[in-house]
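So you can see what is in the structure, the chains are spelled out below.
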Amino acid sequence: MLVVPVIAQNEIEFHEFDLENGLHVIMHKDNTTPIVVTSVLYHVGSKNEDPERTGFAHFFEHLLFEGSENIGRGEYMKKIQSEGGTLNAFTSNDITYYYETLPSNKLELALYMESERMLHAKIDQVGVDTQREVVKEEKRQRYDNQPYGTILPETLKRAYAKHPYQWAPIGSLDHLNAATLEEFMDFYNQFYVPNNATLTIAGDIDYDQTKAWVEKYFSEIPKGEKDIYRPNITEPAKTEETRDIIYDNIQIPAVIQAYNLPPKKDPDSYAMDMLSTYLTGGNSSLMTKELVDKQQKALAVAAIPLDLEDGGIFIMYGITNMGVQAEELETEIDKLIKQVQEEGVSERDFEKLQNIIENDVVSSNSTLSGIAQSLSQSYVFFGETGHINEVLEKYRAVSREDLKRVANKYLTLDGRVVLYYLPKSTQPQD
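Residues numbered from 1 in each chain as written. Predicted model: local features only at pLDDT ≥ 70, side-chain atom pairs only at ≥ 80, totals over all residues. Heavy atoms only, no water.

**Topic: the environment of histidine 163**
Consideration 1: With respect to the helices and strands, histidine 163 occurs in the loop between α5 (151-159) and α6 (173-178).
Consideration 2: C-alpha separation for the pair histidine 163 and proline 231, spaced 68 residues apart in sequence, amounts to 7.8 Å.
Consideration 3: Histidine 163 has contacts with Lys47, Pro231, Ile233, Glu235 and Asp310, leaving out every residue within four places of it along the chain.
Consideration 4: Within the structure, the side chain of histidine 163 is placed 2.9 Å from the side chain of aspartate 310, a separation counted as a polar contact. (Helix = DSSP H or I, 4+ residues; strand = E, 2+ residues; numbered from the N terminus. Contact = heavy atoms within 4.5 Å. Polar contact = N/O pair within 3.5 Å; in protein donor to acceptor, adjacent residues only side chain to side chain.)

**A look at the pattern of salt bridges**
Consideration 1: By the definition in use, this model includes 36 salt bridges.
Consideration 2: Between glutamate 330 and arginine 243 there is a salt bridge whose closest N-O contact spans 2.3 Å. With glutamate 330 in helix α11 (residues 326-343) and arginine 243 in strand β7 (residues 242-248), this pair connects stretches of sequence that are 87 residues apart.
Consideration 3: It is possible to trace a salt-bridge network through shared partners that takes in Glu241, Arg243, Glu330, Asp334 and Arg416. (Salt bridge = Lys/Arg side-chain N within 4 Å of Asp/Glu carboxyl O.)

**Focus on α5**
Consideration 1: Within α5, burial applies to Ile151, Glu154, Thr155, Leu156, Arg158 and Ala159.
Consideration 2: Tucked into the core, α5 has its buried residues touching β7, β8 (254-260), β9 (298-306), β10 (313-320) and β11 (417-423). (Buried < 20%, exposed > 50% of the residue type's maximum accessible area, 1.4 Å probe, protein only.)

**As for the sheet that holds strand β3 (residues 35-42)**
Two modes of strand pairing occur in sheets, parallel and antiparallel, and in both the strands are linked by backbone hydrogen bonds.
Consideration 1: Spatially, the six strands line up as an open sheet ordered β1-β2-β6-β3-β5-β4, and their pairing is mixed. Where the open sheet ends on each side, the last strands, each with one partner, are β1 (15-18) and β4 (86-91). Taking each pair of neighbouring strands and ignoring which way they run, the sheet shows an average axis angle of 15°.
Consideration 2: Pairing of β1 with strand β2 (residues 24-29), which is carried by four bridges, proceeds in the antiparallel orientation. Counted as the bridge partner of glutamate 16 is isoleucine 26 from β2.
Consideration 3: Running at roughly 15° to β3, helix α3 (residues 107-120) makes contact with β3, β5 (96-103) and β6 (197-203) of the sheet. (Pairing = 2+ DSSP bridges. Axes fitted to C-alpha atoms, helices over the stretch in contact; angles between N-to-C directions.)

By themselves, these observations are geometric and do not establish any function.
See the structure below:
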């Protein structure tokens, strides 16, 4: 019998408060190392965009590094790096997240820099033109010129009929090219405001001093005057399978399947996350062992589980082995899904899965940057910062029966998207 070790996770302590302008602040003290992580989560992603102006949130991820009225163009990164710090940002369908890691005696600098970004970022034609070229190059490298690089946008636009999740954060370059400077300013003034932001500071800090600095640099920032647009759109349930073929610059076919997931706050999210790990998560997953190792019908199988605020999708893909047709690989994938729906997961595999998930949860909060991100997302997505300390128990509450149930509930053949990626050399000529 496989014994499941109980992985301990120390409760993550934090203090939080709000400024009058609506900024929510979370502080976590850890004096073991002299570093501090400062992050700002803006509750704006691609789903908040105008359908005729997609890509704005991702564009602003880049644009807000341009500088401010008090920080020269191109100086933002240099200031942080010259003090021994690192910084980065990312944009999803739901949020934009900026963060920097610095020696703890440079916390005041980090807070000043983030307040500058929020109070008066430099948004002018030169910066817009510069970042357009940056985004164009990113799109070429990550999507257009990368084998299978368009899986996400091609899947999203077929998986959603109504909800603005139907476009990827990269958006449309045509929309960015057509947008005026005034439109970019309007987007900034609507979303990059304190009442749409969560500031998190984690590391070697003093609570009183940190709060004083936060008030010094952020309390003067005015609350946003515009209503913050949040799509109130329920994606209708699909009753028919969507199939299509994408001819790409590839040599080997691939099969993509996408299934709708519940909203992030739905209790089934934990079971679906565990199920996706069981099916495709690493070398010991069911599909890797069966399709790659045993049958050798696939070179690789993997998943992109998009766990989104309003309901995401579980994207699973397999790249065929030499000489294997896409239809053949799809048939074997479907057999394994049906097997899980009918038989569930064995006791031994379930215990192993619990170990993997628990290790993942604990590891995600093993660094200050991980803790900062988990704290801010707990507050924004779940309305309760303390959710960070409940995640492990929620996974532990998932049973073998839950995995079988969600497999039958969400991995339905009638409402899924199936794409074949085939070499352009096989495309029929008109």
